[in-house]
Amino acid sequence: DSIAGILDKVPDQQPVLHVPQQRKDQGIKLIVVDAGHGGRDPGAVGANKVLEKNVTLGMANALAKELRKRLGVKVLLTRSDDRFIELRERTAYANRVGADLFISLHANASTSRKAYGLETYFLNLSKNNQAAEVAARENGTSLQDVSNLEAILFDLMANAKINESSRLAAEVQQAMVAGLRPHYSRIKDLGVRQGPFHVLLGATMPSVLVETAFISNTREEKRLRSKTYQKRVAGAIVKGVKNYAATIDQVAKR
C-alpha cells in the first residue's frame, strides 16, 4: 500500500536515470559537486552571521578546480551562483549528465556552540537520532518526516550503490582528517555515518554528503570563511576520491 501510494504521486515525466555501462575504460570520468543550499535557502547561520550557502559555494568552486587539476576529470556544479535548487533536482541532474560520483558539500550546525568536527554521510535509513537530526535540518523537514517513506525510496532507488557510497565516504572522511590535522588544532573525527538525506536520494552513482565543519561553532565558523581552509578541505576530498578510485580499480582487477 505504501509503494502504491508513492507511485500514484509520481509525475508522468520520469527523470532519465544514468545506468553505468560496462566498458573497457572503467573509471571516474565525471564528478558532480553540489554546493548545499542556496538562494532563498541560506542553510545554517553562524554566530557571526556567516551563511552556510556562501561557504558551500566557495568550497564547491575550490573542489571543482582541484579535481580538474589533480585528477584530470570533468567536473560539473549543481549551482555556480546563489540560486535555489530543489534537493531532488540535484541528484536528478547528476543522473541526467551521467556522473560517476556525486559529492554534496555542507557546513554542520548544532544547538550547542561547543560542538565541532568533521563527518561524512552516505544514504541509508538511519536509526541514529543524531544522524536523523542532521538529516532533518539539511532536508528542511522535521524529524517526523524522516520516516518509512525514506526507507521505501531508498530500497527502490539507492540500494545498488550503498557499498560504493560507504567506501567513498570512508576514504573522504579519512583524507579530510589526515589532511587538516597538520594545519589546525582540534580537528575532531566524527566518522562516517548513515542518514536519510533527500539530496542523496535517487542518485544512481556513489554519492556522499560532507559536513566540513560546524558553522555554529565560532572557531570553525571562522575557518569556514577562510579561502585557505576551503582549499585545504577541497584538497583533502580530492585525496579521498583518488584513494577511492584506487580501491575500485583494485577490485576490478581482481
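Remember, it's a predicted structure, so these values are computed and weren't measured experimentally.

Participant: What should I look at first to understand the overall build of the protein chain in this one?
Facilitator: In terms of regular secondary structure, the protein chain is built from eight helices and six strands. Each of the 254 residues in the protein chain was classed as buried or not, and the buried ones make up 52%. Pairs at least 24 residues apart make up 82% of the contacts formed inside the protein chain by residues separated by at least 6 positions. Accessible surface for the protein chain amounts to roughly 12700 Å². Of this, 49% is attributable to carbon and sulfur atoms.

Participant: Can you help me understand the sheet that holds strand β4 (residues 118–123) in this one?
Facilitator: Backbone-to-backbone hydrogen bonds pair the strands of a sheet. The strands run either parallel or antiparallel. With mixed pairing, six strands are arranged side by side in an open sheet as β2-β1-β3-β6-β4-β5. Two strands in the sheet have a free side with no partner beyond their single neighbour: β2 (74–77) and β5 (189–195). Adjacent strand axes in the sheet meet at a mean angle of 20 degrees when their direction is disregarded. Where β4 lies against strand β6 (residues 207–214), three bridges are found, and the strand directions are antiparallel. Directly across from Y121, in β6, lies its bridge partner L209. Packing against the sheet, helix α6 (residues 162–180) makes contact with β3 (101–108), β4, β5 and β6, and its axis sits at approximately 170 degrees to β4.

Participant: I'm lost on the nonpolar core in this one. Help?
Facilitator: Generally speaking, a soluble globular protein has its nonpolar side chains buried in company with each other. Counting 45 residues, the largest nonpolar core has I31, V33, L63, I103, L105 and I237 as the members making the most contacts within it. When residues of this core are traced back to their parent elements, those giving at least two are β1 (30–35), α2 (52–71), β2, β3, β4, α6, β6 and α8 (227–253). Apart from the residues lying within four places of it in its own chain, the contact partners of V33 are A60, L63, L67, V75, L76, L77, T78, I103 and L105. Core analysis: the next-biggest nonpolar cluster, separate from the first, contains 16 residues, L30, Y121, F197 and L209 among them.

Participant: How should the pairing of β1 be read in this particular structure?
Facilitator: Along a regular strand, successive side chains alternate from one face of the sheet to the other. With six of six residues buried, β1 is to be regarded as a mostly interior element. Side-chain alternation along β1 places L30, V32 and D34 on one buried face and I31, V33 and A35 on a second face that is also buried. Of the crossover connections in this fold, the one passing from β1 over α2 to the parallel β2 is right-handed. Here β1 runs beside β3; their pairing, made up of five bridges, is parallel. Within the sheet, the bridge partner assigned to V32 lies in β3 and is F102.

Participant: Would you mind showing me how to read the pattern of salt bridges here?
Facilitator: Side chains that differ in sign of charge can pair as their charged atoms come close. A full pass over the atoms with the stated rule returns six salt bridges. Ionic pairing is found between E66 and R70, a salt bridge with its closest N-O pair at 3.6 Å. One end of the pair is E66 and the other is R70, both in helix α2 and four residues apart, which spans about a single turn.

Participant: When you look at the side chain of R193 in this model, what are you seeing that I'm missing?
Facilitator: On the secondary structure map, R193 appears in strand β5. Here R193 falls in the buried class, since its relative accessible area comes to 19%. Among the polar contacts made by the side chain of R193, one reaches the side chain of E119 at a distance of 2.7 Å.

Participant: Mind showing me how you'd approach the packing of aromatic side chains here?
Facilitator: Two descriptors summarise a pair of aromatic rings, namely the distance from one centre to the other and the angle between the planes of the rings. For the coordinates displayed, the defined rule picks out two aromatic pairs. With 4.8 Å between their ring centres and 65 degrees between their planes, Y121 and F197 make a pair best called edge-to-face. Of this pair, Y121 sits in strand β4 while F197 sits in the loop between β5 and β6; the two residues are 76 residues apart in sequence, bridging distant segments of the chain. Like F197, Y121 is buried. Measuring from ring centre to ring centre gives 5.2 Å for Y184 and Y229, while their planes differ by 75 degrees; the resulting arrangement is edge-to-face.

Participant: It is not clear to me how α2 should be interpreted in this structure. Could you clarify?
Facilitator: Think of an α-helix as turning once every 3.6 residues; residues three or four places apart then point the same way. Counted at 1.5 Å a residue, the expected span for α2 with its 20 residues is 28 Å, and the 27 Å between its end C-alpha atoms agrees. Just downstream of α2, G72 is the residue with a positive phi angle, here 65 degrees.

Participant: Sorry if this is basic, but what is going on with the confidence of the model for the protein chain here?
Facilitator: In regions of low pLDDT, the predicted coordinates are not meant to be interpreted in detail. The share of residues in the protein chain with pLDDT of 70 or more is 76%, and the mean pLDDT across the chain is 85. Across residues 13–24 the pLDDT falls below 50, and counting only partners more than four positions away or on other chains, this stretch makes 13 contacts in the model.

Participant: I keep staring at the environment of R83 and nothing clicks. Help me out?
Facilitator: Residue placement: R83 occurs in the loop between β2 and α3 (87–97). Separated by 43 residues in the primary sequence, R83 and R40 have C-alpha atoms spaced 7.5 Å apart. Discounting residues that sit within four places of it in the chain, R83 has contacts with H37, G38 and G39. Polar contacts involving the side chain of R83 include one to the side chain of D81, which spans 2.6 Å.

Conventions used here
- Residues numbered from 1 in each chain as written.
- Predicted model: local features only at pLDDT ≥ 70, side-chain atom pairs only at ≥ 80, totals over all residues.
- Heavy atoms only, no water.
- Helix = DSSP H or I, 4+ residues; strand = E, 2+ residues; numbered from the N terminus.
- Buried < 20%, exposed > 50% of the residue type's maximum accessible area, 1.4 Å probe, protein only.
- Contact = heavy atoms within 4.5 Å.
- Areas by Shrake-Rupley, 256 points an atom, 1.4 Å probe, with all protein chains shown as cover.
- Pairing = 2+ DSSP bridges.
- Axes fitted to C-alpha atoms, helices over the stretch in contact; angles between N-to-C directions.
- Core = buried A, V, L, I, M, F, W, Y, C linked by side-chain atoms within 4.5 Å.
- Right-handed = clockwise from strand over helix to strand, strands pointing away.
- Salt bridge = Lys/Arg side-chain N within 4 Å of Asp/Glu carboxyl O.
- Polar contact = N/O pair within 3.5 Å; in protein donor to acceptor, adjacent residues only side chain to side chain.
- Phe/Tyr/Trp six-rings, centres within 6.5 Å; stacked < 30°, edge-to-face > 60°.
- Expected span 1.5 Å × (residues − 1).
- pLDDT = per-residue confidence, 0-100.

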